[in-house]
Amino acid sequence: MRVGFARSQLLLGRCYGRTHRTSEEDSINSVIEKAKPVIEEVLTALGYELVDIEYKTMYGDKHLIVYIANEKGVSLDDCEAVSNALDAPLDALDPTNSAPYCLDVSSPGLDRPFKTQRDFERNYGKKAEVKLFAPIDSTKKKLFVGTLISRTESELTIEDESGSTVTIENGKIALVRPYIEF
């Protein structure tokens, strides 16, 4: 078991050795698609929310990374509890078709970009940083900081530091993440 802090997030990982290697057809998406329903079921039963799942190579090993959230925040004990609860169901499911992998359970991190509508909803009323692909209008600004008001399929609305409402088309947005004040 590996325990540590990765950037501004908590991380707990366990590596599982298997005797077979993943075949070419076992793509990243198929592993995630197989594992997601089981992971969601376990997290819901424990009172956590699934934020994201990644399956990627790190440090020469395959890692199945499960990002979790909770209204009270996520501690190392939370990561351990979720990791322990996922062990048996993921072993029974075998999402990697017997290929070795490390199961990592992590908080999303303080500065993790918002990916899903739920990420945005969870952060309504909080300060966010919005980076654009190119400046909009005559402002010449590619970075906006303000309180996240709403996000629809087509646009994002924030209240900037001067109290003005700024609405930006989603297609012009490169990244939205929590604004961290030091």
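Look a little higher up for the structure.
Owing to the predicted nature of the structure, the values given are computational and were not obtained by experimental measurement. (Residues numbered from 1 in each chain as written. Predicted model: local features only at pLDDT ≥ 70, side-chain atom pairs only at ≥ 80, totals over all residues. Heavy atoms only, no water.)

Visitor: Hey, could you go over the nonpolar core for me, with residue numbers and the actual values?
Guide: Across soluble globular proteins, you tend to see nonpolar side chains buried next to one another. Among the nonpolar cores identified, the biggest contains 21 residues, and I39, L64 and L86 are the most heavily contacted of them. Elements with a contribution of two residues or more to this core: α1 (28–46), β3 (49–58), β4 (61–69), α2 (76–93) and β5 (101–106). Sorting elements by how many residues they give to this core places α1 first, with 6 residues. Discounting residues that sit within four places of it in the chain, L64 has contacts with V31, A35, I53, E54, Y55, L90, Y101, C102, L103 and D104. By size, the runner-up hydrophobic cluster in this structure holds 14 residues, among which are L132, L156, I158 and V166. (Core = buried A, V, L, I, M, F, W, Y, C linked by side-chain atoms within 4.5 Å. Buried < 20%, exposed > 50% of the residue type's maximum accessible area, 1.4 Å probe, protein only. Helix = DSSP H or I, 4+ residues; strand = E, 2+ residues; numbered from the N terminus. Contact = heavy atoms within 4.5 Å.)

Visitor: Give a description of the environment of A69 that names residues and reports values.
Guide: Along the chain, A69 falls in strand β4. The buried category is assigned to A69, whose relative accessible area is 9%. Taking the C-alpha atoms as reference points, A69 and L43, separated by 26 residues in sequence, lie 9.6 Å from one another. In this view, A69 contacts Y48, E49, V51, V74 and R122; residues no more than four positions away in its chain are not counted.

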